[in-house]
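The chain contents come next:
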Protein chains: 2
Amino acid sequence: MRIVLDGMGGDHAPEVTVAGAVQAARDFGVHILLVGPEPLLREELKKYEDTSRITLVHAADWIRMDEHPAAAVRAKPQNSMSVGMQLVKQGEGDAFVTCGNTGAALAAALFTLGRIRGVKRPALTTLFPTLDGQALVLDIGANADCKPLYLQQFARMGDLYARHVLEWSDPRVGLLSIGEEAGKGNTLVQEAFSLLQETEAIHFVGNVEPKEVVQGQVDVVVTDGFTGNVFIKTAEATGTLLLDVLKEEVKKRPVAAAAMLLAKSAFKATMRRLDPREFGGAPLLGVNGVVIIGHGRSDAYAVRNAVRTGIQAVEARIVERLTHALMS
Amino acid sequence: MRIVLDGMGGDHAPEVTVAGAVQAARDFGVHILLVGPEPLLREELKKYEDTSRITLVHAADWIRMDEHPAAAVRAKPQNSMSVGMQLVKQGEGDAFVTCGNTGAALAAALFTLGRIRGVKRPALTTLFPTLDGQALVLDIGANADCKPLYLQQFARMGDLYARHVLEWSDPRVGLLSIGEEAGKGNTLVQEAFSLLQETEAIHFVGNVEPKEVVQGQVDVVVTDGFTGNVFIKTAEATGTLLLDVLKEEVKKRPVAAAAMLLAKSAFKATMRRLDPREFGGAPLLGVNGVVIIGHGRSDAYAVRNAVRTGIQAVEARIVERLTHALMS
């Protein structure tokens, strides 16, 4: 198997991408096609002894985390994402993995790989931490405006990914809303609810509120890209707020400050359980190729985990499954 | 001044509502018209010595926290909310305060008080905790489907409430979106953005993401009721998740568990800063009368604080101000 890895994706590229490539090649025995400016990557690769399963593929340019996604992809045809996805398209690589600019990955994928036939809109996904594991949430930002049919397709794609790549048995699919009863929510949600009820291939559990998601009462959370993006960003922001306020209050109290040092390992373990970087990235579903997007703040281990997700998606033949399911 | 208080509103009514009424009458020197089944309230009131400024107003019925709002209001015309709002409508009370079922308060207000002339849709509001205070967020659930004009009106109503009742000078008004730049967001947000830019009466700071809200970079957050509801519920759910996971991890570690006892006061102070019950309730804006809704889990002190918010809204003549601003 050959995994194409964006050598320039993420806040700490190329250091962590190269390190992650080395770890992944060693741990999983796959070939890594590492894409980016060759001199830069070669220099970084010199740090490691065994690089036999890593092949550098030159791409002159790359897209920064803060660039306007679509504009950057258009302006830089030789960016590492577009070049890497081209390898997948041509069959030279089996999956594309990046920890870079999510919007740019979406734009490059639409441009280079295109959609699976029958898919109206691809969806960005994430693994969202819950009390006892994770939930797959989609769409988290590819489509700010959605139609009910898109949400039905997100549900089917999320279900197949959860079943076959994450290997969750009989995943419960919920529709993010503002009340559990049928009929709660905006017009989009109400109409999507009806469609999802009729979708026999999935185990639809109805509307879910944020509380049910974090409690682990649902495996796949379906929502439009605007709401989904607000959802994940609110969760991240609130967690940060809570910890920041706690830090301020601890600082005011010398005894508490001393005590917190003794509780440090519990805090670290908590953060690890809630940190999306631990989960190994999540797919862009509905494009004609495996595309896995890891967290921008990924370290080498997170990059390695994102590669593993790519391997699992290839082994599960997810694109074939989606193609088969959605063309009907 | 006479504040009408729903004696049966909230998870812990009538104990905490009666206690809160007594505290408010004592602390603020106002008259409280306490509405609910008279025998029940009278029994509860016996616990207190000075009840001279509290008048019981009989309402045979009340709406539970878990009832379907509109249906319950229709089925129970003698519920404490409708009876209480009728007092405000007839000029016998200056403001209505409840810690009860939010949806029912909205339904009863629309039915009994009606909208201010010119207001397309009333908005539910909340004070959302930030790093250095609070932000007023609206709409948080009254209107699942919104038009750009509604959001413009929410902005104007929120601005006036923030200025005159909360006494925040020159409040910064932001539009909740999934990117800070103009043009980010769904169609509703994009169109509302243009309207808000043209609204000279407010200090519009553009799109804001959840991160900016919690960091205190905006005072009034404008959003549709679906997104606003997901926003506040996600924040609450995530905070709970973080603390639940932390508790689990602390339990596994005896040293950490012991240390946490020493840090307890810092945790308590943190919770207090982030607890909406501390903020004294928030208004239903756009109905023809002052309606303040406190948290369902309110204790007596929170009920007292909600009454204080009602007093401040009356003193600031907020309904007059909204009427004047929105009829033009």
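Just so it is clear, the model here is predicted, and its values are computed rather than measured.

Rules of the game
Residues numbered from 1 in each chain as written. Chains lettered and ligands numbered in written order. Predicted model: local features only at pLDDT ≥ 70, side-chain atom pairs only at ≥ 80, totals over all residues. Helix = DSSP H or I, 4+ residues; strand = E, 2+ residues; numbered from the N terminus. Rg over C-alpha atoms; globule rule 2.2 N^0.38 Å. Buried ≥ 20, exposed ≤ 12 C-beta atoms within 10 Å, placed from the backbone. Contact = placed C-beta atoms within 7 Å. Core = buried A, V, L, I, M, F, W, Y, C linked by C-beta atoms within 7 Å. Pairing = 2+ DSSP bridges. Axes fitted to C-alpha atoms, helices over the stretch in contact; angles between N-to-C directions. Right-handed = clockwise from strand over helix to strand, strands pointing away. Domains from an automatic or database assignment. Parallel < 35°, antiparallel > 145°, perpendicular 65-115°, else oblique. Left-handed = near helix turned anticlockwise from the far one by under 90°. Nonpolar A, V, L, I, M, F, W, Y, C, P; charged D, E, K, R; others polar. pLDDT = per-residue confidence, 0-100.

1. A word on the overall build of chain A
Thinking step 1. Of the regular secondary structure elements, chain A holds 13 helices and eleven strands.
Thinking step 2. A compact globule built from 328 residues would reach a C-alpha radius of gyration of about 20 Å, and chain A, at 20 Å, matches this within 12%.
Thinking step 3. Seen along its three principal axes, the alpha-carbon backbone of chain A occupies a region of about 65 × 55 × 35 Å.
Thinking step 4. By residue count, 60% of the 328 residues in chain A fall in the buried class.
Thinking step 5. Sequence separation of 24 or more characterises 71% of the internal contacts of chain A that already satisfy a separation of 6 or more.

2. With respect to the nonpolar core
Thinking step 1. The biggest cluster of nonpolar side chains holds 236 residues, and the ones touching the most others in it are Leu34(A) and Leu34(B).
Thinking step 2. With sequence-adjacent residues up to four places away left out, Leu34(B) is seen in contact with Leu5(B), Gly7(B), Val18(B), Ala21(B), Leu41(B), Ile54(B), Thr55(B), Leu56(B) and Val57(B).

3. Thoughts on the interface of chain A and chain B
Thinking step 1. Chain A puts 46 residues into the contact, and the matching count from chain B is 46 residues.
Thinking step 2. Residue assignment for the side of chain A that touches chain B shows that the elements contributing at least two residues are helix H8 (210-214), helix H9 (225-251), helix H10 (254-262) and helix H11 (264-274) of chain A.

4. With respect to the sheet that holds strand E6 (residues 133-138) of chain B
Residue and element names in this part refer to chain B.
Thinking step 1. Taking strand neighbours across the sheet as the criterion, the eleven strands line up as E3-E2-E1-E4-E11-E10-E5-E6-E9-E7-E8 in an open arrangement whose pairing is mixed. Looking at which strands have only one partner, the edges of the open sheet turn out to be strand E3 (54-58) and strand E8 (203-208). Averaged over all pairs of adjacent strands, the angle between their axes in this sheet comes to 30°, without regard to strand direction.
Thinking step 2. In this structure, strand E4 (residues 95-98) lies alongside strand E11 (residues 290-293), joined through four bridges in parallel fashion. In the strand pairing of E11, Phe96 is matched with Val291.
Thinking step 3. Where helix H2 (residues 38-45) meets the sheet, it contacts strand E2 (31-36) and E3, and its direction lies at approximately 155° from that of E3.
Thinking step 4. Helix-sheet contacts for helix H7 (residues 187-197) involve strand E7 (172-176) and E8, and the interaxial angle to E7 is about 165°.

5. Examining the pairing of E2(B)
All names here are of chain B.
Thinking step 1. Among the six residues that make up E2, five are buried, leaving the element largely enclosed by the rest of the structure.
Thinking step 2. Bridge analysis of strand E1 (residues 2-6) against E2 gives five bridges, and the strand direction is parallel. Within E2, the residue paired with Ile3 across the bridge is Ile32.
Thinking step 3. Of the crossover connections in this fold, the one passing from E1 over helix H1 (residues 15-28) to the parallel E2 is right-handed.
Thinking step 4. Here E2 runs beside E3; their pairing, made up of five bridges, is parallel. Opposite Leu34, over in E3, you have Leu56 as the bridge partner.
Thinking step 5. For the crossover from E2 across H2 to E3, the handedness is right-handed.

6. Quick word on the pairing of strand E7 (residues 172-176) of chain A
Note on strand geometry: in a regular strand, side chains alternate between the two faces of the sheet.
All names here are of chain A.
Thinking step 1. Across the five residues of E7, five count as buried, placing the element largely inside the fold.
Thinking step 2. Pairing between E7 and strand E8 (residues 203-208): five bridges, direction parallel. When the bridges of E8 are listed, Leu175 appears paired with Asn207.
Thinking step 3. Inspection of the sheet shows E7 paired to strand E9 (residues 220-222) by three bridges, in the parallel sense. The residue of E9 that forms the bridge with Val173 is Val220.

7. Brief notes about the domain arrangement of chain A
Residue and element names in this part refer to chain A.
Thinking step 1. Domain parsing of chain A yields domain 1 (1-119 + 286-328) and domain 2 (125-276).
Thinking step 2. If you average the C-alpha positions of domain 1 and of domain 2, the two centres end up 25 Å apart.
Thinking step 3. Counting only elements with at least two residues in the side of domain 1 that touches domain 2, the list comes to helix H12 (300-315) and helix H13 (318-327).
Thinking step 4. The biggest single contributor to the side of domain 1 that touches domain 2 is H13, with five residues.

8. So, the packing of H10(A) against helix H10 (residues 254-262) of chain B
Thinking step 1. Running from amino to carboxyl end, H10(A) crosses H10(B) at an angle of 165°, the nearest separation of the two axes being 8 Å. Our classification of the angle between H10(A) and H10(B) gives roughly antiparallel. When you trace H10(A) past H10(B), the crossing you get is left-handed. Only Val255(B), Ala256(B), Ala259(B) and Leu262(B) of H10(B) make contact with H10(A), whose side of the interface consists of Val255(A), Ala256(A), Ala259(A), Met260(A) and Leu262(A).
Thinking step 2. Along the lines of polarity and charge, the residues of the contact of H10(A) with H10(B) split into nine nonpolar, no polar and no charged.

9. Focus on the packing of H9(A) against helix H11 (residues 264-274) of chain B
Thinking step 1. At a minimum axis separation of 9 Å, H9(A) and H11(B) run at an interaxial angle of 130°. The angle between the axes of H9(A) and H11(B) places the two elements in the oblique class. By crossing handedness, the relation of H9(A) to H11(B) is classed as right-handed. Of H11(B), the residues touching H9(A) (which contributes Leu242(A), Val245(A), Leu246(A), Glu249(A) and Val250(A)) are Ala266(B), Phe267(B), Ala269(B), Thr270(B), Arg273(B) and Leu274(B).
Thinking step 2. Partitioned by chemical class, the residues of the contact of H9(A) with H11(B) number eight nonpolar, one polar and two charged.

10. Topic: the confidence of the model for chain A
Should the pLDDT be low somewhere, the predicted coordinates at that spot are not to be read in detail.
Thinking step 1. Confidence in the prediction for chain A averages 96 pLDDT; 100% of positions are at 70 or higher.
Thinking step 2. ipTM for the predicted complex: 0.94, alongside a pTM of 0.95.

11. What to know about the environment of Gly7(A)
Residue and element names in this part refer to chain A.
Thinking step 1. Along the polypeptide, Gly7 turns up in the loop between strand E1 (2-6) and helix H1 (15-28).
Thinking step 2. Accessibility expressed as a C-beta count within 10 Å gives 32 for Gly7, which makes it buried.
Thinking step 3. Sequence spacing of Gly7 and Val57 is 50 residues, and the spatial spacing of their C-alpha atoms is 9.4 Å.
Thinking step 4. Excluding residues within four positions of it along the chain, Gly7 makes contact with Ala13, Pro14, Thr17, Val18, Leu34, Val35, Gly36, Leu41 and Ser80.

12. Concerning unusual backbone geometry
Thinking step 1. Here the bond from Ala13(A) into Pro14(A) is cis, since omega is 0°, no more than 30 degrees from zero.
Thinking step 2. Positioned with a positive phi, Arg317(A) is a non-glycine residue whose angle comes to about 45°.
Thinking step 3. For Arg317(A), the location among the structural elements is in the loop between H12 and H13.
Thinking step 4. At Glu167(B), a position not held by glycine, the phi torsion is positive, near 60°.

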